[in-house]
Amino acid sequence: MATTVPVISGETRLVGIIGWPVAHSLSPAIHNAAFQALGLDWAYVPLPVRPERLAEAIEGLRALGFAGASVTIPHKQAVMPLLDQITPAAQAMGAVNTVAVREAGRLVGDNTDWVGFLASLEDAGFDPAGKRCAVIGAGGGARAVVYALAWAGGHPVVFNRTVERAARLVEDLRAIFPHVAFQVHPLERLGQIGQETALLVNATPLGMWPQIDGSPWPDDLPLPSHLTVCDIVYNPLETKLLRQARGAGATTISGLGMLVHQGAAAFRLWTGLEPPVDVMMEACHRALKEG
Ligand code: NAP
């Protein structure tokens, strides 16, 4: 089914996605489907912004009366000094993925990735509280995942190729969650996770299109069947890691839920309304298929 183009009126409230490039973003399809489902006179537009023009673009949100914007690669860090306020969560993750324009044009930067990740676990009926959770990666996505797990009372164990980067991530988050038992290991130790680990999360690009044959889990090692395995990569929807997990009889969670729920959290910030998550999920599936 083709996506319907929203009708733009003189009163239409605008939001959009600032990135470079943004042509392949699924967010316009997700948000415009939500606006239409609720009958809102809002529209979500792609805003391709070159890195050297980011400051002008952010100032432009104010001047053009935008309600807010999503922020994506490569601007998630660079946008921070351009805003009036950063939420503690975004501060902790060192990245902003959502800007809300408040009274008098005040720009507030937030990060909704961690909320999106937790909501995707909740959809699958997984509660991290008190459980050991292995996270592969120490980049931006991993930061959101580890923050979320710590916030929810889990015990994150971070495996990364560059162990120093994982140590830095954990050091930053220990300052915010002093009672959480974090651990850091080199990626080679991943195969040693045992019965005490309940969740395995891939937060590296391994397995992402077009390198779909990649997986952080070694081919020659059986994947423990008691695990819940989540891949935050959502293209393809079923990554090689998720195939390995399904083959082993483990429970799987795709990255689509995190993507849609982070968008749903941004929708809440901009509109103050409860987003139609099912509609957003369906629009995302459709947009991925149409590719
Ligand atoms: P990033 O900041 O560049 O971090 C990449 C991480 O992956 C680093 O820890 C890096 O290790 C590791 N890595 C990269 N290539 C590797 C390899 N060949 N072998 C082992 N480790 C490798 O990336 P990111 O922004 O966190 O994104 C990671 C993935 O998550 C992307 O596919 C992105 O699309 C996805 N994501 C999805 C969502 C969602 O909503 N579902 C949200 C955010 C991100 P080193 O530290 O050693 O370099």
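Since this is a predicted model, take the numbers as computed values, not measurements.

(A) Summary view of the packing of helix H4 (residues 113–123) against helix H5 (residues 140–151). Close contact between H4 and H5 brings their axes to 8 Å; oriented N to C, the two are set at 60°. Viewed along their axes, H4 and H5 form a crossing whose handedness is right-handed. Residues Asp-113, Trp-114, Phe-117, Leu-118 and Leu-121 of H4 form the contact with H5, whose own contacting residues are Ala-144, Val-145, Tyr-147, Ala-148, Leu-149 and Trp-151. Its residues assigned to classes, the contact of H4 with H5 comprises 10 nonpolar, no polar and 1 charged.

(B) The side chain of Ser-70, seen in detail. With respect to the helices and strands, the residue Ser-70 is situated in strand E3 (residues 68–71). Residue classification places Ser-70 among the buried residues on the basis of a relative accessible area of 10%. Polar contacts involving the side chain of Ser-70 include one to the side chain of Tyr-44, which spans 2.6 Å. Apart from the residues within four sequence positions on either side, Ser-70 is in contact with Gly-16, Ile-17, Ile-18, Tyr-44, Asn-97, Thr-98 and Trp-270.

(C) Structural detail: the environment of Val-79. On the secondary structure map, Val-79 appears in the loop between E3 and strand E4 (85–86). With residues up to four places along the chain from it excluded, the contact list for Val-79 reads Leu-54, Ile-58, Val-71 and Val-96.

(D) Region of interest: the pairing of strand E8 (residues 155–160). With 5 of 6 residues buried, E8 is to be regarded as a mostly interior element. By the bridge criterion, 5 bridges tie strand E7 (residues 132–136) to E8 in an arrangement that is parallel. When the sheet's bridge partners are listed, Val-135 is paired in E8 with Val-158. Read from E7 through H5 to E8, the crossover connection turns out right-handed. Bridge count for E8 against strand E9 (residues 183–186) is 4 bridges, and the pairing is parallel. In the sheet register, Phe-159 faces E9, and the bridge partner there is His-185.

(E) Just the packing of helix H8 (residues 256–271) against helix H9 (residues 277–290), in detail. One way to put it is that H8 packs onto H9 with a least axis distance of 10 Å and a crossing angle of 130°. One element, H8, and the other, H9, form an angle in the oblique class. As H8 packs across H9, the resulting crossing turns out to be right-handed. Contacts from Leu-256, Gly-257, Leu-259, Val-260, His-261, Gly-263, Ala-264 and Phe-267 of H8 reach H9 at Val-277, Met-280, Met-281, Cys-284, His-285 and Leu-288. Classifying every residue of the contact of H8 with H9 gives 10 nonpolar, 4 polar and no charged.

(F) Up close: unusual backbone geometry. Here the amide bond leading from Trp-20 into Pro-21 is cis, since omega sits at 5°, within 30 degrees of zero. Turning to its location among the elements, Pro-21 is positioned in the loop between strand E1 (13–19) and helix H1 (27–37). The omega torsion of the bond from Trp-209 to Pro-210 falls at 5°, within 30 degrees of zero and hence cis. If you trace the backbone, Pro-210 turns up in the loop between strand E10 (197–202) and strand E11 (228–231). In this structure, Ala-104 takes a positive phi of about 55° despite not being glycine. Looking at the secondary structure, you find Ala-104 in the loop between strand E5 (98–101) and strand E6 (107–110). A residue is classified by how much of its surface remains accessible, and Ala-104, at 87% relative accessible area, is exposed.

Analysis parameters
Residues numbered from 1 in each chain as written. Predicted model: local features only at pLDDT ≥ 70, side-chain atom pairs only at ≥ 80, totals over all residues. Heavy atoms only, no water. Axes fitted to C-alpha atoms, helices over the stretch in contact; angles between N-to-C directions. Helix = DSSP H or I, 4+ residues; strand = E, 2+ residues; numbered from the N terminus. Left-handed = near helix turned anticlockwise from the far one by under 90°. Contact = heavy atoms within 4.5 Å. Nonpolar A, V, L, I, M, F, W, Y, C, P; charged D, E, K, R; others polar. Buried < 20%, exposed > 50% of the residue type's maximum accessible area, 1.4 Å probe, protein only. Polar contact = N/O pair within 3.5 Å; in protein donor to acceptor, adjacent residues only side chain to side chain. Pairing = 2+ DSSP bridges. Right-handed = clockwise from strand over helix to strand, strands pointing away. Parallel < 35°, antiparallel > 145°, perpendicular 65-115°, else oblique.

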